[in-house]
Number of protein chains: 2
Amino acid sequence: MIVVKIGGGEGNRVDELTRDVAEFTAVGRQFVLVHGGSHLTNELANHLGYPPRFITSPSGMTSRYTDRRTMEIFQMAYCGAANKRLVESLQALGVNAVGLSGMDGRIWSGPRKKAIHTVEEGKTRVVRDNLTGRVERVNVELLRLLLGQGYLPVLTPPAISDESEPINVDGDRAAAATAIALGAETLVILSNVPGLLRDVQDPRSRINRIAESELKSAADQFAGGRMRIKLLAAGEALDGGVRRVVIGDSRVEHCLRRALAGEGTVIERPQTA
Amino acid sequence: MIVVKIGGGEGNRVDELTRDVAEFTAVGRQFVLVHGGSHLTNELANHLGYPPRFITSPSGMTSRYTDRRTMEIFQMAYCGAANKRLVESLQALGVNAVGLSGMDGRIWSGPRKKAIHTVEEGKTRVVRDNLTGRVERVNVELLRLLLGQGYLPVLTPPAISDESEPINVDGDRAAAATAIALGAETLVILSNVPGLLRDVQDPRSRINRIAESELKSAADQFAGGRMRIKLLAAGEALDGGVRRVVIGDSRVEHCLRRALAGEGTVIERPQTA
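Here the structure is a predicted model, which is why all the values come from computation and not from measurement.

Asker: Explain helix α5 (residues 171-182) of chain B to me, please; I cannot follow it from the model alone.
Answerer: Turn by turn, an α-helix covers 3.6 residues, leaving residues three or four places apart pointing in a common direction. Residues and elements named next belong to chain B. Taking 1.5 Å of rise per residue, the 12 residues of α5 would be expected to cover 16 Å, and the 16 Å separating its terminal C-alpha atoms lies within 8% of that figure. Taking burial as the measure, the 12 residues of α5 include 9 buried ones, the bulk of the element. Those residues of α5 that fall on the buried side of the exposure criterion are Gly 171, Asp 172, Ala 174, Ala 175, Ala 176, Ala 177, Thr 178, Ala 179 and Leu 182. By the N-cap criterion, in which a side-chain oxygen at the helix start approaches the backbone nitrogen of a residue two or three places on, α5 is capped by Asp 170, the distance to Asp 172 being 3.2 Å. Count one or two residues on from α5 and you reach Gly 183, which has phi positive near 65°.

Asker: Just checking my understanding: could you explain the relation of the copies chain A and chain B for this structure?
Answerer: Relating one copy of the chain to the other requires a rotation about an axis plus a shift along that axis. Between the two copies, chain A and chain B, the superposition gives an RMSD of 0.0 Å; the rotation angle is 180° and the shift along the axis is 0.0 Å. As the rotation angle and translation indicate, the two copies are arranged about a two-fold axis. Take the interface residues of chain A: 100% of them recur as interface residues in chain B, which is what a same-surface contact looks like.

Asker: Would you mind going over the nonpolar core with me for this structure?
Answerer: One broad rule of soluble globular proteins: the nonpolar side chains tend to lie buried together. The biggest cluster of nonpolar side chains holds 94 residues, and the ones touching the most others in it are Trp108(A), Leu187(A), Trp108(B) and Leu187(B). Grouped together as the second largest cluster of nonpolar side chains are 26 residues, Met103(A), Ile160(A), Phe24(B) and Ala97(B) included.

Asker: For this particular structure, what's the right way to read the side chain of Arg64(A)?
Answerer: Residues and elements named next belong to chain A. Looking at the secondary structure, you find Arg 64 in strand β4 (residues 62-64). Notably, Arg 64 is buried but unbridged: the nearest opposite-charge side chain belongs to Asp 67, and the N-O separation is 9.3 Å. At 2.8 Å, the side chain of Arg 64 and the side chain of Asn 42 are in polar contact. Ignoring anything within four residues of it in the chain, the contact list for Arg 64 reads Ser 38, Thr 41, Asn 42, Pro 52, Arg 53, Phe 54, Thr 70, Phe 74, Asn 130, Thr 132 and Asn 168.

Asker: Mind showing me how you'd approach the sheet that holds strand β12 (residues 166-167) of chain A here?
Answerer: Where strands meet in a sheet, backbone hydrogen bonds hold them as pairs that are either parallel or antiparallel. All names here are of chain A. Ordered in space as β9-β6-β11-β12, the 4 strands form an open sheet in which the pairing is mixed. Pairing within the sheet leaves two strands with one partner each, and these edge strands are β9 (137-138) and β12. In terms of strand pairing, strand β6 (residues 108-110) meets β9 through 2 bridges, oriented antiparallel. By the bridge assignment, Ser 109 is partnered in β9 with Arg 137.

The rules we used
- Residues numbered from 1 in each chain as written.
- Chains lettered and ligands numbered in written order.
- Predicted model: local features only at pLDDT ≥ 70, side-chain atom pairs only at ≥ 80, totals over all residues.
- Heavy atoms only, no water.
- Helix = DSSP H or I, 4+ residues; strand = E, 2+ residues; numbered from the N terminus.
- Expected span 1.5 Å × (residues − 1).
- Buried < 20%, exposed > 50% of the residue type's maximum accessible area, 1.4 Å probe, protein only.
- Polar contact = N/O pair within 3.5 Å; in protein donor to acceptor, adjacent residues only side chain to side chain.
- Least-squares fit on C-alpha atoms with pLDDT ≥ 70 in both.
- Contact = heavy atoms within 4.5 Å.
- Core = buried A, V, L, I, M, F, W, Y, C linked by side-chain atoms within 4.5 Å.
- Lys, Arg positive; Asp, Glu negative; His and termini not counted.
- Salt bridge = Lys/Arg side-chain N within 4 Å of Asp/Glu carboxyl O.
- Pairing = 2+ DSSP bridges.

Written out as structure tokens, the structure reads:
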């Protein structure tokens, strides 16, 4: 079992991913896909005159401010546009994809963050109407039910809160939770960067291997923004029993095949004898 | 098994529907929901500066012109907004809803209409880039798999064409095909009208009962526009073995309970001894 997360930034080659998935499934590999939709959401929000807003935590993490109207736009972009585009592409290649949000069948559920501290112009304030949270439980029975009948689940945020509200959750960490719950051996995180770079300005400075024990120091030294969260997700996956995480490039031909061959930043658990 | 279609027009009381569904499922009734999203699609299309266009067939039927961009907007409104709103409402009532488009798992598949004759200003022309079609097959195995584990499927167009394109299909007829495939005893079609009216201007002129044998003449005499298609769907459902079709009002309290109690236009197959 392999869980593949494809980011929602610009430049993804979705058709390369789905072509690789179709080739691997034809020889019996099982996949669950998880995808983002941030770029589509930003575009749609701008078109609708409700531009995206971002909030910054005291520790410097940036996230989307997701009020009700933003959540509707988010659902249109993630569940409507991005999800069905992947499903169409897979179906056209003979893969019987089933697109689901984390709300459907409570595939991803967990607590909503009821109060978030943010920093604006140096001042801290508390935001209470933000529909964000984290995945604490994965409905692995529903995923296994589908996988067992030959369907390929294509999962997307939002998740569902314990009070049944839609919640914006981080897709990389949701993918990690899914990989853990399914006992996947590999988690592949594809996005529009080559991997973890020593120098973010130099795409050739990719770090090819990180030992699990060095993950935190590598993150502190080299990762900013989104990449910090990817490394956090990688660490969570390894802690939860996933053997290998590959952070690979979504913009290249055969993006999945390359990542599975180790092209990207590979973080592995030490083998036990 | 009861299949319920809720229309996508203005004025629906979705929370009344989901409340009734929750009450009936709590006492063991099984449902599949099918919903529309035409009003949301029109609003979104207008907001995005890509206003809806409609085409008229030589027989006078009007339908949405669905090119690629319209289909993207359609998917955002139907699969993203309308579907997840229903799923959220059901989940909040303790019903484990799973929202799926007809593309997912090829739940609804069939041929795309490759050439459509339309009439514009008295002239007939042929439209070839229209992503519309009809449901010829229902993936009843997937629906049964979900129902068997206690999930409530919430289905929405688009369907998927034999060439794996998304296709806009009529929701009422898709609901009829689903009811037939599942061997449902009842199909309920809720929308923002009280039923079939003798006089479309007079909401008190509802026809309460139509014998199956009189369906065609009633349609010819009294039905126009969307109502003609609802009666066509009703006829298809009865032909396919569904015992009872109720065309009810979606704008009232306890809309589903009332429809199941016969409030609306009821079309029944004659009972065989």
